[in-house]
Amino acid sequence: MIPSKPDHLECRAWWATAPLPGAIGICHMKGRLEAMFEALGIDPLEVGATRVLEIAGIDEGVLARPAEDSALFMPHGGPRVRQLISRHLEKLGLRFIDPADTDPRTRWPEADTLVEACMLEALCATESPRAIDLLLAQPRRHRDNPLESSDDRGSDPRRHLIDPPLVVITGRPNVGKSTLLNRLAATEVAITADLEGTTRDAVAARLIIDGMACDVIDLPGLRESDDPIERRAIMLSSRFLEESDLLITLVDHERGVPESLERTPDLIIRNKSDLQSSRPGPKTDHEICAKTGEGIERLAMLMRQALVPDEILKNEDPWSFHPELERDGDQSPTIE
Ligand SMILES: Nc1nc2c(ncn2[C@@H]2O[C@H](COP(=O)(O)OP(=O)(O)OP(=O)(O)O)[C@@H](O)[C@H]2O)c(=O)[nH]1
Ligand SMILES: [Mg+2]
């Protein structure tokens, strides 16, 4: 049913779920809901109630009304379903907006405070299991001890729990960098071989390292090469060295830290602990055997600690974990 005057539908909508295939999609609607229910041709839904509903023969989903002016429609999360539902609601007179332009309290009407709304948003965004308890503790910590100056978000290591840090594995050829990446990933992400120059291009994987999501990059081994493609790949990889939040240099029983390394590594790790060293190697932070997995658990802990130290995780101060907490929440735009 198309209403005769769609302009009168004072309701905004946005998708709270990412525009990717998923089990469910959440379409958030805010405004004069009674007019929208009428336009949809359905009985009004009371605040706090839910109902299974089919929209225009497109898909069935759950409709929930957490607040007077807020409803959530949750159909299946395929892009096509989402597109057809958006199109239908727009025809009825709903205006779709970019949720980033709104106050988090608009996006999370079930939250009592700005901190709680930001927490719900961060909980949905984070891929790090370690972030969960820390985020859940924030509303109480902000209530007991409000943030005075919140200009520390960019330098607070806890930001890595929300935005995965870049971890780069470098070292001379054949030291086992790709074997280490595969071991950390517990699957074969990169090709390994007893041949120098096996990795020709950077290989990246998002991995959970000691409870923290990280983007781990395995670079081609640093060496002089006549091959122009390998030379270019080595040159390109220097960008990752500069940008990395954590630089791991792998050495083995024969090969030390490459002289051409442009940055001091955060961790020097000796691989192939199963093989005897033929000569004294550099001072290292830890020894592993990437082939068998020995020492990997401790390496994961050292990596996480280098990025987010234990004493910071134990810090009971409120954490400015969301950009909206840096400015006065009352100034953020809300949707009436
Ligand atoms: N004995 C032993 N061999 C290992 C270990 N880790 C890796 N290797 C072997 O070392 C060789 C090189 O491993 P890669 O992981 O391909 O080395 P890489 O550093 O990625 O090499 P490039 O990509 O050429 O720079 C392979 O034959 C691996 O099986 C280890 O802990 N012990
Ligand atoms: Mg490799």
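Residues numbered from 1 in each chain as written. Chains lettered and ligands numbered in written order. Predicted model: local features only at pLDDT ≥ 70, side-chain atom pairs only at ≥ 80, totals over all residues.

Peer 1: Lay out the overall build of the protein chain with the relevant residues and their values.
Peer 2: Along its length, the protein chain carries ten helices and 14 strands. Counting only C-alpha atoms, the protein chain reaches 85 × 45 × 30 Å along its principal axes. The buried share among the 336 residues of the protein chain stands at 36%. For the protein chain, the share of sequence-separated contacts (at least 6 apart) that also reach a separation of at least 24 residues comes to 58%. (Helix = DSSP H or I, 4+ residues; strand = E, 2+ residues; numbered from the N terminus. Buried ≥ 20, exposed ≤ 12 C-beta atoms within 10 Å, placed from the backbone. Contact = placed C-beta atoms within 7 Å.)

Peer 1: Account for the nonpolar core, with residues named and values stated.
Peer 2: Residues Cys-118, Val-167, Ile-169, Val-216 and Ile-248 are the most contacted members of the largest nonpolar core, which totals 46 residues. Looking at which element gives the most residues to this core, the answer is helix H4 (residues 114–125), with six residues. Taken domain by domain, this core gets at least three of its residues from each of domain 2 (114–159 + 312–325) and domain 3 (166–310). The contact partners of Ile-169, leaving out residues within four places of it in the chain, are Lys-177, Leu-180, Leu-181, Val-216, Ile-217, Asp-218, Leu-219, Ile-248 and Leu-250. The next biggest cluster of nonpolar side chains, apart from the first, holds 19 residues, and it includes Met-36, Ala-39, Ile-55 and Leu-92. (Core = buried A, V, L, I, M, F, W, Y, C linked by C-beta atoms within 7 Å. Domains from an automatic or database assignment.)

Peer 1: Which residues make up the sheet that holds strand S4 (residues 50–55), and what values do they have?
Peer 2: Spatial strand order, S4-S5-S6-S3-S1-S8: six strands in an open sheet with mixed pairing. Where the open sheet ends on each side, the last strands, each with one partner, are S4 and strand S8 (95–96). Alignment of strand S1 (residues 11–15) against strand S3 (residues 27–31), held across five bridges, turns out to be antiparallel. By the bridge assignment, Ala-13 is partnered in S3 with Met-29. (Pairing = 2+ DSSP bridges.)

Peer 1: Before we move on, can you summarise helix H2 (residues 79–92) with the specific residues and values?
Peer 2: For H2, with 14 residues, the first-to-last C-alpha span of 20 Å sits near the 20 Å given by 1.5 Å per residue. Positive phi shows up at Gly-93, right after H2, with a value of about 115°. (Expected span 1.5 Å × (residues − 1).)

Peer 1: Give me the domain arrangement of the protein chain: which residues, what numbers.
Peer 2: Segmentation of the protein chain into domains returns domain 1 (6–102), domain 2 (114–159 + 312–325) and domain 3 (166–310). Computed over C-alpha atoms only, the centres of domain 1 and domain 2 are separated by 30 Å.

Peer 1: Report on unusual backbone geometry, specifying residues and quantitative values.
Peer 2: For Asp-210, which is not a glycine, the phi torsion comes out positive at approximately 45°. Accessibility expressed as a C-beta count within 10 Å gives 19 for Asp-210, which makes it partly exposed.

Peer 1: With reference to specific residues and values, describe the pairing of S1.
Peer 2: Each regular strand displays side chains that alternate between the two surfaces of the sheet. Taken together, the two bridges between S1 and S8 define a ladder with parallel strand orientation. Within S8, the residue paired with Ala-13 across the bridge is Phe-96.

Peer 1: Got a sec to walk through helix H5 (residues 129–136)? Specific residues and values, please.
Peer 2: Arg-130, Ala-131, Leu-134 and Leu-135 are the residues of H5 that are buried. End-on view of H5: buried residues confined to an arc of 120°, all on one side of the axis. In H5, the exposed positions angled more than 90 degrees off the buried face are occupied by Asp-133 and Leu-136. Turning to H5, the residues buried within the fold contact H4, helix H6 (138–144) and strand S11 (212–218). (Arc of directions from axis to C-beta.)

Peer 1: Can you explain the environment of Gly-154? Please cite residues and give values.
Peer 2: As for its placement among the helices and strands, Gly-154 is situated in the loop between H6 and strand S9 (166–171). For Gly-154, a count of 9 C-beta atoms within 10 Å puts it in the exposed group. On a C-alpha basis, the gap between Gly-154 and Pro-323 in space is 9.5 Å, while along the polypeptide they are 169 residues apart.

Peer 1: Pulling in residues and values, what's your account of the confidence of the model for the protein chain?
Peer 2: Per-residue confidence for the protein chain gives a mean pLDDT of 87; residues scoring 70 or more make up 93%. Of the regions scoring below 50 in pLDDT, residues 1–7 engages in ten contacts with residues more than four places distant in sequence or in other chains. For the stretch residues 329–336, pLDDT sits under 50, and the model shows 15 contacts to residues farther than four places along the chain or on other chains. (pLDDT = per-residue confidence, 0-100.)

Peer 1: Tell me about the sheet that holds strand S10 (residues 203–209), and name the residues and values.
Peer 2: Strands sit in the order S10-S11-S9-S12-S13-S14 across an open sheet of six strands; the sheet is mixed. If you trace the sheet from one side to the other, it starts and ends with S10 and strand S14 (286–287), each paired once. Pairing analysis gives four bridges linking S9 to S11, with the strands arranged parallel. What sits directly across from Ile-169, in S11, is Asp-218.

Peer 1: Before we move on, could you go through the pairing of S9 and cite the residues and values that matter?
Peer 2: Across the six residues that make up S9, a large majority, five, are buried. Where S9 and strand S12 (residues 246–251) come together, five bridges link them in parallel fashion. Following the sheet pairing, Val-168 is matched in S12 by Leu-247.

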